[in-house]
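# Architecture and fold: a report
So you can see what is in the structure, the chains are spelled out below.
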Amino acid sequence: MPLPNDALMDNMENVLMSEELNYDRNLLKIEHNALLFSLTSEQINIYNVVMDALNNSTDELFFVNGFGGSGKTYIWNTLTSRLCLNGSIVLAVASSGIASQLIPGGRTAHSRFVIPLHCNENSTCNIVQGSDLANLLIHTELIISDEAPMAHKVCFEALDKSLRNIMQIRDPKSLEKYYRSFQEDLNKT
Ligand SMILES: Nc1ncnc2c1ncn2[C@@H]1O[C@H](COP(=O)(O)OP(=O)(O)OP(=O)(O)O)[C@@H](O)[C@H]1O
C-alpha cells in the first residue's frame, strides 16, 4: 500500500481537504484511461503541456481558447482524473453556476474563493491565512477556471492578491508572482 502524503495527513481534520480527496481512485483510473485514449492530438498536446508543468513544478498559468464544443471541458476532465487518482487536489471553478455544473466537483469562482460580490480594484478574497480554505489552496495542485473571460478582471486581481499572500507558506517568492497573468494574454487576443 502506498503511504499517504505527510502534508495531507497533517490536514486530515480539514473538512474542505477531506471533501476534495474523497474519491474512488480505481474508478478514476478507469475513467482517465478511457478519456486519455479518446483525446484528439490537439487535446493531448494541451494535456501534455499542463502535465509537464505540474511534474516539473514550474507554477505556470495557461489560457486555453477554443470554440464552444471544441473539447475544452473534456481536457479538464482528463487532467482532473489523472491528478486525483494520484491523490492530488484539483479545484475546478467557473464564472457561472451553470458552467460550474459541467465540470466534476465544479463550483462558482465566487463561492470557492470567497470573491466579494461587489469586487473592485482594491478587493481581496475573504480567505484567512491558516484557515481550512487557505490550507486547501496551499495543497492544491491545479486550479481550473472554466469560462474565465466571463468574469471581470477585478475578480482575478482579488484572487491574485490573496493567492500571493497565502502561497508565501509554500513558496517565499510567491509575492513576486502573478497568478492572474493570463488576463494580460487575453487582452492581446
Ligand atoms: N476527444 C473527444 N472524444 C469524444 N468526445 C469528445 C472529445 N472531446 C470532446 N468531446 C465531446 O464533445 C462535446 C463538447 O465537448 P466539451 O464540452 O468538452 O467542449 P467545450 O469546449 O468545453 O464547450 P463549451 O465551450 O461550450 O463549454 C462533449 O459532449 C464532449 O463529451
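Residue numbers restart at each chain and count upward from 1, following the sequence in its written direction. This being a predicted model, a pLDDT of at least 70 is required before a residue's local features are given, and a value of 80 or more before pairs of side-chain atoms are given or counted; all residues contribute to the totals for chains, interfaces and linings. For side-chain calculations, the full set of non-hydrogen atoms in the structure is used, while hydrogens and water are omitted.

Take the overall build of the protein next. The way it works is that DSSP assigns letters per residue, a run of H or I at least four long becomes a helix, a run of E at least two long becomes a strand, and they are numbered from the N terminus. Looking only at helices and strands, the protein features 10 helices and three strands. Taken from N to C terminus, the helices and strands of the protein fall in the order α-α-α-α-α-β-α-β-α-α-β-α-α. Here's how the labels work: a residue is buried when its accessible area is under 20% of the maximum for its type, exposed when over 50%, partly exposed in between, all with a 1.4 Å probe on protein chains only. Counting over 189 residues, the protein shows a buried share of 40%. Considering only contacts within the protein whose residues lie at least 6 apart along the sequence, 65% involve residues at least 24 apart. Carbon and sulfur atoms form 54% of the exposed surface of the protein, whose accessible area is close to 11300 Å². We call two residues contacting when some pair of their heavy atoms lies within 4.5 Å. Only the protein chains shown count as cover for residues, and all accessible areas are computed by the Shrake-Rupley method using a 1.4 Å probe.

Taken together, 13 residues sit near the ligand, with Ser38, Gln43, Gly69, Lys72 and Thr73 positioned nearest. Any N or O atom pair separated by 3.5 Å or less is treated as a polar contact, with the protein-specific requirement of one donor-capable and one acceptor-capable atom, and with residues adjacent in sequence counted only for side-chain atom pairs. Note that an oxygen atom of the ligand is positioned 3.1 Å from one of the backbone N or O atoms of Gly71. The fraction of the free accessible surface of the ligand (630 Å²) that becomes covered by protein chains is 57%. A per-class count over the shell around the ligand returns three nonpolar, eight polar and two charged. Near, as used in this document, describes a residue that has one of its heavy atoms within 4 Å of the molecule or strand being considered. Only Asp, Glu, Lys and Arg are considered charged in this grouping, and only Ala, Val, Leu, Ile, Met, Phe, Trp, Tyr, Cys and Pro are considered nonpolar; every other residue, Gly among them, is considered polar.

By definition here, a salt bridge exists when the distance from a side-chain nitrogen of Lys or Arg to a carboxyl oxygen of Asp or Glu is within 4 Å. Here the structure, examined in full by the defined rule, presents two salt bridges. Arg112 is the partner of Glu20 in a salt bridge, and the nearest nitrogen-oxygen pair spans 2.9 Å. Highlighted residues: Glu20 in helix α2 (residues 15-21) and Arg112 in helix α7 (residues 109-113), separated in sequence by 92 residues. For the pair Glu20 and Arg112, one class covers both residues: buried. Here Arg164 ties to Asp160 by a salt bridge, and the two come within 3.3 Å at their closest N and O atoms. Taken together, the residues Arg164 and Asp160, both in helix α9 (residues 153-166) and four residues apart, mark about one turn of the helix.

Right, let's get into the side chain of Ser162. Tracing the chain through its elements places Ser162 in helix α9. You can call Ser162 buried: its relative accessible area is 7%. Once residues within four sequence positions are removed from consideration, Ser162 is found in contact with Thr124 and Cys125.

Counting buried positions along strand β1 (residues 89-94) gives six out of six residues, so the element sits mostly inside the fold. Across the two faces of β1 the burial is the same, with Ile89, Leu91 and Val93 and Val90, Ala92 and Ala94 all buried. Strand pairing is assigned whenever DSSP identifies at least 2 bridges connecting the two strands. In the sheet, β1 pairs with strand β3 (residues 140-146) via six bridges, with the strands oriented parallel. Paired with Val93 across the strands is Ser145, a residue of β3. Two strands pair when backbone bridges link them, and β1 and strand β2 (residues 107-108) are joined in this way by two bridges, in the parallel orientation. When the sheet's bridge partners are listed, Val93 is paired in β2 with Arg107.

Below, the discussion takes up helix α4 (residues 41-55). What a helix is expected to span follows from its residue count: subtract one and scale by 1.5 Å. With 15 residues, α4 should cover 21 Å at 1.5 Å per step; its first-to-last C-alpha distance of 20 Å lies within 8% of that length. Those residues of α4 lying buried are Gln43, Tyr47, Val50, Met51, Ala53 and Leu54. Along the long axis of α4, the arc covered by the buried residues comes to 160°, so they all point the same way. Of the exposed residues in α4, the ones pointing more than 90 degrees away from its buried face are Ser41, Glu42 and Asn55. On its buried face, α4 is in contact with α3 (25-38), α5 (72-84) and β3. Note on α4: the residue one or two positions beyond its end, Ser57, has a positive phi of about 50°. The reported arc concerns the directions from the helix axis to the C-beta atoms and nothing else.

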